[in-house]
Amino acid sequence: MTTSQQDWQDQATIDHMLDEAETWAIVGLSGDPGRTAWSIARLLQERGKRIVPIHPQFAEPGALAVHGEPGYASLADVPFPIDVVDVFRRSEAAGQFADEAVKIGAGGVWFQLGVIDEAAFERTVAAGVPMVMNTCPAIEWRKRDR
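In this report, we go over the structure that sits alongside the text. (Residues numbered from 1 in each chain as written. Predicted model: local features only at pLDDT ≥ 70, side-chain atom pairs only at ≥ 80, totals over all residues. Heavy atoms only, no water.)

The next point concerns the pairing of strand β2 (residues 50–54). The buried fraction of β2 amounts to four of the five residues, a majority that puts the element mostly inside the structure. In this sheet, β2 lies alongside strand β1 (residues 23–27) in parallel orientation, the contact comprising five bridges. Paired with W24 across the two strands is I51, which belongs to β2. Each parallel crossover has a hand, and the one from β1 via helix α3 (residues 36–46) to β2 is right-handed. (Buried < 20%, exposed > 50% of the residue type's maximum accessible area, 1.4 Å probe, protein only. Helix = DSSP H or I, 4+ residues; strand = E, 2+ residues; numbered from the N terminus. Pairing = 2+ DSSP bridges. Right-handed = clockwise from strand over helix to strand, strands pointing away.)

Note on pairing: side chains with opposite charge can pair once their charged atoms come close. Tallying each qualifying case throughout the model produces four salt bridges. Residue D19 is joined to R144 by a salt bridge in which the shortest nitrogen-to-oxygen separation is 2.8 Å. Of this pair, D19 sits in helix α2 (residues 11–20) while R144 sits in helix α6 (residues 137–145); the two residues are 125 residues apart in sequence, bridging distant segments of the chain. Look at D19 and you get partly exposed, because its relative accessible area is 40%. With relative accessibility at 34%, the residue R144 sits in the partly exposed group. (Salt bridge = Lys/Arg side-chain N within 4 Å of Asp/Glu carboxyl O.)

Looking at α2, one finds that the buried residues are T13, I14, M17 and L18. An end-on view of α2 places all buried positions within 125° of arc, on one side of the element. Of the exposed residues in α2, those oriented more than 90 degrees away from the buried face are A12 and E20. At its buried positions, α2 is contacted by β1, β3 (84–87), β4 (109–111), β5 (131–132) and α6. (Arc of directions from axis to C-beta. Contact = heavy atoms within 4.5 Å.)

Dropping the structure here:
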C-alpha cells in the first residue's frame, strides 16, 4: 500500500485529535526551552491538554518536571491512558514510538513536522490507531484560527 501526504494529514483525524484528545505524551520533551517540543508542549497546555513528557532523562532520580508535569523514561512507564503520542524524533527513529503507542493502547499517534515514516504509518493505521504525520498542532490550530 502506498500512502500520500493526503492520507497522513486527514482533516477528520487531525480535528479529532485536536478537539477530543486530552492527554498527550510528548516523546522527546525535556526541560530545554530551546527545543520545539518544549514550546509545543506549552501550547498544548494552553489549549487545555495534559502533557506527559517522555525522555530517557526521566530514568534518572531527581529529574525535574517539565511545565509542571513529571516525566517518564518511556511510554510503557506511564501509568494512565494516553490519548495521543506526539513524536519529536528524527524520521529514522520515530517508527519505534508508533509501535510502542499501539502496544500501550494509545488513542492516536502524531509525528511532527518533517517526521515521516510511511511503514510506521501503515502499521499503525492497520492496527486501528489513527495517525497524523508531517505537521504540527500549532500549524493546524493556526489554520483554524484564520
